[in-house]
Amino acid sequence: MHAVAATGAKAILDAATELFAEEGFEAVSVASIAAHAGVCKANVFHHFASKEALYLAVMRGASAEHADYAEQLHQAAGSSADKVRKLIEFELRHMLDNAPRTRLMLRESSNDGHLQARMLARAVFQRNFTAVVRLFEQGRDAGEFLQTIDPAAAAMLLAGATQFFFRCRDALLEFSEVGTLEAPETYAAHIAALILGGVTAGKPE
């Protein structure tokens, strides 16, 4: 019985994630979510008290994995450079494998989303951002990274690179200059190399 209930709730969450990501909170009805999930409307309310409660559950599900992974990396053994490489590759793969959830998070972290969900998205973004900043601080404090780096700026650069890839990948496939960078693993390796090593030959003046 519990397995059946869990399966039903997951179908509803998956359907709601896809619809909310495409259309936004206001435009999506509980009836459309139920139809998309293949359940009746009453079944949605059996699992979730309201559309808003369902929306917040979707947001929580959309946002936990990246922060969890980054925080685990911070606690793990190994070099900070390897941790940054792993984080970039994980983030790209996670964003692409969970495209509806990624679109939802990007929507709600902007100024256009539903207020309560936007506040939740920004709180989660803060947790994610802090976890990445701490990775760069860890490398700096261990003497592995330059003492002059700004960990927050490095974290912003990483976030910008991964979000650009997610948003623009289809268009980039048409650019001959991109070459093999359309592959997430290749892009991740090059972005990690640029963030960790920079582009200046020798020491900058």
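Scroll up to find the structure this text is about.
Residues numbered from 1 in each chain as written. Predicted model: local features only at pLDDT ≥ 70, side-chain atom pairs only at ≥ 80, totals over all residues. Heavy atoms only, no water.

S.K.: Tell me about the overall build of the protein, residues and numbers included.
M.R.: What the protein contains, in helices and strands, is 9 helices and 0 strands. For the protein, the N- to C-terminal ordering of α and β elements is α-α-α-α-α-α-α-α-α. Seen along its three principal axes, the alpha-carbon backbone of the protein occupies a region of about 65 × 40 × 35 Å. The proportion of buried residues among the 205 residues of the protein is 39%. Considering only contacts within the protein whose residues lie at least 6 apart along the sequence, 63% involve residues at least 24 apart. Of the roughly 11400 Å² of accessible surface on the protein, a fraction of 57% belongs to carbon and sulfur atoms. (Helix = DSSP H or I, 4+ residues; strand = E, 2+ residues; numbered from the N terminus. Buried < 20%, exposed > 50% of the residue type's maximum accessible area, 1.4 Å probe, protein only. Contact = heavy atoms within 4.5 Å. Areas by Shrake-Rupley, 256 points an atom, 1.4 Å probe, with all protein chains shown as cover.)

S.K.: I'd like a rundown of the pattern of salt bridges, residues and numbers included.
M.R.: Under the definition given, this model contains 8 salt bridges. Among the salt bridges present, the one from R140 reaches D141, with a minimum N-O distance of 3.5 Å. Linking E182 and R169 is a salt bridge whose minimum nitrogen-to-oxygen distance equals 3.5 Å. With E182 in the loop between α8 (151-172) and α9 (184-197) and R169 in helix α8, the pair connects residues that are 13 residues apart, well separated along the chain. R169 gets classed as partly exposed once you look at its relative accessible area, which sits at 24%. (Salt bridge = Lys/Arg side-chain N within 4 Å of Asp/Glu carboxyl O.)

S.K.: Give a detailed account of the packing of aromatic side chains, specifying residues and quantitative values.
M.R.: All chains considered together, the criterion is met by 6 aromatic pairs. Taken together, the ring pairs in this structure connect F20, F25 and Y55 into an aromatic cluster. Positioned over the ring face of F25 is K51, at 4.3 Å from the centre of the ring. (Phe/Tyr/Trp six-rings, centres within 6.5 Å; stacked < 30°, edge-to-face > 60°. Lys NZ or Arg CZ within 6 Å of the ring centre and 35° of its normal.)

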